[in-house]
Amino acid sequence: MNKNSGIKNIQLPKFYRYFYLISGFLLVAIGVIGIFLPVLPTTIFLILASACFVKSSPKANEWLRNHRVLGIYIKNYQDKTGLTIKAKIFNIAFLWIMILLSAFYLTDEFYIKVVLLLIAVGVTIHLLMIKTKKD
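Residues numbered from 1 in each chain as written. Predicted model: local features only at pLDDT ≥ 70, side-chain atom pairs only at ≥ 80, totals over all residues. Heavy atoms only, no water.

**Student:** Quick question: what am I supposed to make of the side chain of Ser-56 here?
**Tutor:** Following the sequence through the fold, Ser-56 ends up in helix H2 (residues 42–56). A distance of 3.0 Å separates the side chain of Ser-56 from the backbone oxygen of Cys-52, its partner in a polar contact. (Helix = DSSP H or I, 4+ residues; strand = E, 2+ residues; numbered from the N terminus. Polar contact = N/O pair within 3.5 Å; in protein donor to acceptor, adjacent residues only side chain to side chain.)

**Student:** Honestly, the packing of helix H1 (residues 14–36) against H2 in this entry has me stumped. Any pointers?
**Tutor:** If you want to describe how two helices pack, look at the angle between their axes and the distance between the axes. Where H1 meets H2, the closest approach of the two axes is 8 Å, and the angle between their N-to-C directions is 160°. With respect to each other, H1 and H2 are oriented roughly antiparallel. Read as a crossing pair, H1 and H2 show a hand that is left-handed. Every residue of H2 that contacts H1 at Arg-17, Tyr-20, Leu-21, Ser-23, Gly-24, Phe-25, Leu-27, Val-28, Ile-30, Gly-31, Gly-34 and Ile-35 is listed here: Thr-42, Phe-45, Leu-46, Leu-48, Ala-49, Cys-52, Phe-53, Lys-55 and Ser-56. By residue class, the composition of the contact of H1 with H2 is 13 nonpolar, six polar and two charged. (Axes fitted to C-alpha atoms, helices over the stretch in contact; angles between N-to-C directions. Parallel < 35°, antiparallel > 145°, perpendicular 65-115°, else oblique. Left-handed = near helix turned anticlockwise from the far one by under 90°. Contact = heavy atoms within 4.5 Å. Nonpolar A, V, L, I, M, F, W, Y, C, P; charged D, E, K, R; others polar.)

**Student:** What is the right way to look at the environment of Phe-53 in this model?
**Tutor:** Take Phe-53: it is sitting in helix H2. Spatially, the C-alpha atoms of Phe-53 and Gln-11 are 13 Å apart, while their sequence positions differ by 42 residues.

**Student:** What should I look at first to understand helix H3 (residues 58–65) in this one?
**Tutor:** Because each turn of an α-helix spans 3.6 residues, side chains separated by three or four positions in sequence point in the same direction. The complete set of buried residues in H3 reads Ala-60, Asn-61, Leu-64 and Arg-65. Along the axis of H3, the buried residues cluster in a sector spanning 135°; they form a single face. Against the buried residues of H3 lie H1, H2 and helix H4 (71–78). (Buried < 20%, exposed > 50% of the residue type's maximum accessible area, 1.4 Å probe, protein only. Arc of directions from axis to C-beta.)

**Student:** Is there a simple way to think about the packing of aromatic side chains in this case?
**Tutor:** Remark: the centre distance and the inter-plane angle together describe each pair of aromatic rings, the angle taken between the planes. The final tally for this structure, using the stated rule, is five aromatic pairs. For the ring pair Phe-15 and Tyr-16, a centre distance of 5.5 Å and an interplane angle of 75° mean the geometry is edge-to-face. Looking at Phe-15, the relative accessible area reads 60%, which means it is exposed. With relative accessibility at 43%, the residue Tyr-16 sits in the partly exposed group. (Phe/Tyr/Trp six-rings, centres within 6.5 Å; stacked < 30°, edge-to-face > 60°.)

**Student:** Help me out: how do you make sense of helix H5 (residues 85–105) in this one?
**Tutor:** Taking 1.5 Å per residue, 21 residues should reach 30 Å; H5 reaches 30 Å between its end C-alpha atoms and fits that length. Those residues of H5 that sit buried are Lys-88, Ile-92, Leu-95, Ile-99, Ser-102 and Ala-103. Within H5, the buried residues cover an arc of 105° as seen down the axis, which keeps them to one side. For H5, the exposed residues lying more than 90 degrees away from the buried face are Lys-86, Ile-89, Phe-90 and Tyr-105. Those residues of H5 hidden inside the fold are in contact with strand S1 (83–84), helix H6 (110–129) and strand S2 (132–133). (Expected span 1.5 Å × (residues − 1).)

**Student:** What is the right way to read the nonpolar core from this model?
**Tutor:** Side chains that are nonpolar tend, in soluble globular proteins, to be buried together. Counting 13 residues, the largest nonpolar core has Val-28, Leu-46, Ala-49, Phe-53, Leu-64 and Leu-70 as its most contacted members. In terms of residue count, the dominant contributor to this core is H2 (six residues). Contacts of Val-28, omitting those with residues within four sequence positions, involve Leu-46, Ala-49, Phe-53, Trp-63, Leu-64 and Leu-70. (Core = buried A, V, L, I, M, F, W, Y, C linked by side-chain atoms within 4.5 Å.)

So, in structure tokens, the structure goes:
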């Protein structure tokens, strides 16, 4: 931990460290699933996983922050640097493709289709409101 992180390095009992470590990896798994399921948010699960790793294993937290695919979710959020225009376009396009596939091929229920489309609109608005950073 660096001194600027504002997080005190408190030594937890072994049980709690293992609990946070296992929880962190479960949250990473849910976050990865969220990449492919548009109704499951990826970033929040990865942020929670990072918080668990901070309490249990700084090495696991650094692994997550430096991961080639997942690290960008964490770094952009924790550093408050925003998303590149390329990332916004990719995320919004992928979101809508998955939502539309889900709405029109995986369900016949009209209300589920409406809910999925409302989720897509909400997430799109959220992504557009995030600060845009230069490449």
